[in-house]
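Chains, contacts and geometry: an overview
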Amino acid sequence: MTRPSVIVELAKHFQEKIRRNVLTDLQVRVANAAGILPFLRKAQRRAFFESYLDQLNRTGYHWAQNTSHGALLRNLQEYGGLKAIPEETDREVVKWMVLCYVGEPGGRGMGVNRKVFYSNSAAPLIEAIIEINPDISGRHLKALSADPDVKRACDQSTHVARRFQDLLDLTNE
């Protein structure tokens, strides 16, 4: 309901306050909530989301790290989801989410009855993020079907491959 001119003025004021400093977690949350995140400097947004991607990669997508996945993905939702991420970084974030979602073959150890080991805390959040942004995620999911890491994960088991197909189904690809 806010006029576009007011949003632009607010973005200018916000940009003056943060200057050329690296965006903090709180600043990105506030900017997204105010609707001014797209108006901030692209270099600052890129640096912020590259550090977020580094955090994802440091945590890893292995199902055993599921206690950390939920918080990371809830943060992404508060940052504005996939639409807030600059194009240079969004493909890698989607790839991380795919590898986290598809998991790895189960049927061994204590999970002998479980067909796929995947992050229980991440899976519903990843589905929601992909469903909310089908245009961005669909484009990347289609391209990731040829990615060596995704192919390797899907080639391990038909159950894992089916989970990747479930993501594609969310975007109607």
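Up top is the structure.
Residues numbered from 1 in each chain as written. Predicted model: local features only at pLDDT ≥ 70, side-chain atom pairs only at ≥ 80, totals over all residues. Heavy atoms only, no water.

A look at helix α8 (residues 148-155)
Given 3.6 residues per turn, any residue in an α-helix points the same way as the ones three and four places further on. For α8, the complete set of buried residues consists of V150, A153 and C154. Taken around the axis of α8, the buried residues stretch over an arc of 95°, which confines them to a single face. The exposed set on the far side of α8, more than 90 degrees from its buried face, consists of P148 and D155. Buried residues along α8 sit against α5 (87-102), α7 (134-144) and α9 (158-170). (Buried < 20%, exposed > 50% of the residue type's maximum accessible area, 1.4 Å probe, protein only. Helix = DSSP H or I, 4+ residues; strand = E, 2+ residues; numbered from the N terminus. Arc of directions from axis to C-beta. Contact = heavy atoms within 4.5 Å.)

Concerning the packing of α5 against α9
For the pair α5 and α9, interaxial distance at closest approach is 9 Å and the crossing angle is 135°. With respect to each other, α5 and α9 are oriented oblique. Regarding α5 and α9, the two cross each other, and that crossing is right-handed. When α5 is examined against α9, the residues V98, Y101 and V102 are found in contact with a partner set consisting of V160, R163, F164, D166 and L167. Residue classes in the contact of α5 with α9 are distributed as 6 nonpolar, no polar and 2 charged. (Axes fitted to C-alpha atoms, helices over the stretch in contact; angles between N-to-C directions. Parallel < 35°, antiparallel > 145°, perpendicular 65-115°, else oblique. Left-handed = near helix turned anticlockwise from the far one by under 90°. Nonpolar A, V, L, I, M, F, W, Y, C, P; charged D, E, K, R; others polar.)

Looking at the packing of aromatic side chains
Counting across every chain of the model gives 5 aromatic pairs. When the ring of F48 is compared with that of F49, the centres are 5.2 Å apart and the planes differ by 85°; the resulting orientation is edge-to-face. Of the residues examined, F49 reaches a relative accessible area of 1% and is grouped as buried. Ring centres of F49 and Y79 lie 6.2 Å apart, and the angle between their planes is 75°; on these two criteria the pair is classed as edge-to-face. Separated by 30 residues along the polypeptide, F49 in helix α3 (residues 42-59) and Y79 in the loop between α4 (66-78) and α5 bring together distant segments of the chain. Side by side, F49 and Y79 carry an identical accessibility label, which is buried. Three or more aromatic residues joined by ring pairs form one cluster here, namely F48, F49, Y52 and Y79. The ring of Y118 carries R114 above its face, with NZ or CZ at 4.8 Å from the centroid. Seen from the ring of Y101, R163 lies directly overhead, with NZ or CZ sitting 4.1 Å from the centre. (Phe/Tyr/Trp six-rings, centres within 6.5 Å; stacked < 30°, edge-to-face > 60°. Lys NZ or Arg CZ within 6 Å of the ring centre and 35° of its normal.)

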